[in-house]
Structure formats: structure tokens, C-alpha cells
Amino acid sequence: MPVARVTEIKSTSPQSFEAAIREGLFRAHKTLENIKSAWIQDQEIVVDERGEIAEFRVLMKITFLLHD
């Protein structure tokens, strides 16, 4: 029976929430093996001094299987 673990990461992008998600998964894949799923726990934006969106941030939980 497989055993899974969940880890939490925060990733950012100046372009969009989707780009932040993709960047986070890409980076997590460099370190974690057997990633099976991810869910977005929270989203936030950073606003610059002109009132425009400077950065998109996501907090996600990534589930991966542990080796036997």
C-alpha cells in the first residue's frame, strides 16, 4: 500500500496565477519524486506603488508518494 506525503510551497510569477502554479510545480519536480497532485490553498497579489499588480502568488500543497 503506497504512503503519500504532503508538502506546502509558495511560488510567484509576474504574469499570472497559472504561471505561478506552473513555476512551483516545475521547481518541486526538481526535488520531489512521484508527485501525484497539487491543490491551491491560497492566492494573493502584490500591488505596486501605482496600484497595479506586480506579482501573483500561490500557496499550494503538493502530494507525492514515498518510496518503499
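Residues numbered from 1 in each chain as written. Predicted model: local features only at pLDDT ≥ 70, side-chain atom pairs only at ≥ 80, totals over all residues. Heavy atoms only, no water.

(A) Structural context of the environment of Ser 16. Residue position: Ser 16 is located in the loop between strand S1 (4–13) and helix H1 (17–31). The exposure class of Ser 16 is partly exposed, given its relative accessible area of 26%. For the pair Ser 16 and Arg 57, spaced 41 residues apart in sequence, the C-alpha to C-alpha distance is 8.5 Å. Polar contacts involving the side chain of Ser 16 include one to the main-chain amide nitrogen of Glu 18, which spans 3.5 Å. (Helix = DSSP H or I, 4+ residues; strand = E, 2+ residues; numbered from the N terminus. Buried < 20%, exposed > 50% of the residue type's maximum accessible area, 1.4 Å probe, protein only. Polar contact = N/O pair within 3.5 Å; in protein donor to acceptor, adjacent residues only side chain to side chain.)

(B) Molecular detail of the environment of Leu 25. Its location among the elements puts Leu 25 in helix H1. On the basis of relative accessible area, Leu 25 is assigned to the partly exposed category, the value being 32%. It is 8.3 Å that separates the C-alpha atoms of Leu 25 and Ile 62, two residues lying 37 residues apart in sequence. Setting aside its immediate chain neighbours within four residues, Leu 25 contacts Ala 38, Met 60 and Ile 62. (Contact = heavy atoms within 4.5 Å.)

(C) Spatial organisation of the pattern of salt bridges. Under the counting rule described, the total for this entry stands at 7 salt bridges. Residue Glu 18 pairs with Arg 22 through a salt bridge whose shortest N-O separation is 2.8 Å. With Glu 18 and Arg 22 both in helix H1 and 4 residues apart, the pair spans about one turn of that helix. Here Arg 22 falls in the exposed class, since its relative accessible area comes to 55%. A salt bridge links Asp 48 to Arg 50; its shortest N-O distance comes to 3.2 Å. By relative accessible area, Asp 48 is classed as buried at 18%. (Salt bridge = Lys/Arg side-chain N within 4 Å of Asp/Glu carboxyl O.)

(D) Examining a nonpolar patch on the surface more closely. The grouping of Ile 45, Val 47 and Ile 53 at the surface amounts to a nonpolar patch, some 250 Å² of accessible area in total. In this structure, Ile 45 sits in strand S2 (residues 35–47). Residue Ile 45 is classed as partly exposed on the basis of its relative accessible area of 39%. (Patch = residues over 30% accessible without salt bridge, like charges linked within 9 Å, V, L, I, M, F, W, Y side chains within 5 Å. Areas by Shrake-Rupley, 256 points an atom, 1.4 Å probe, with all protein chains shown as cover.)

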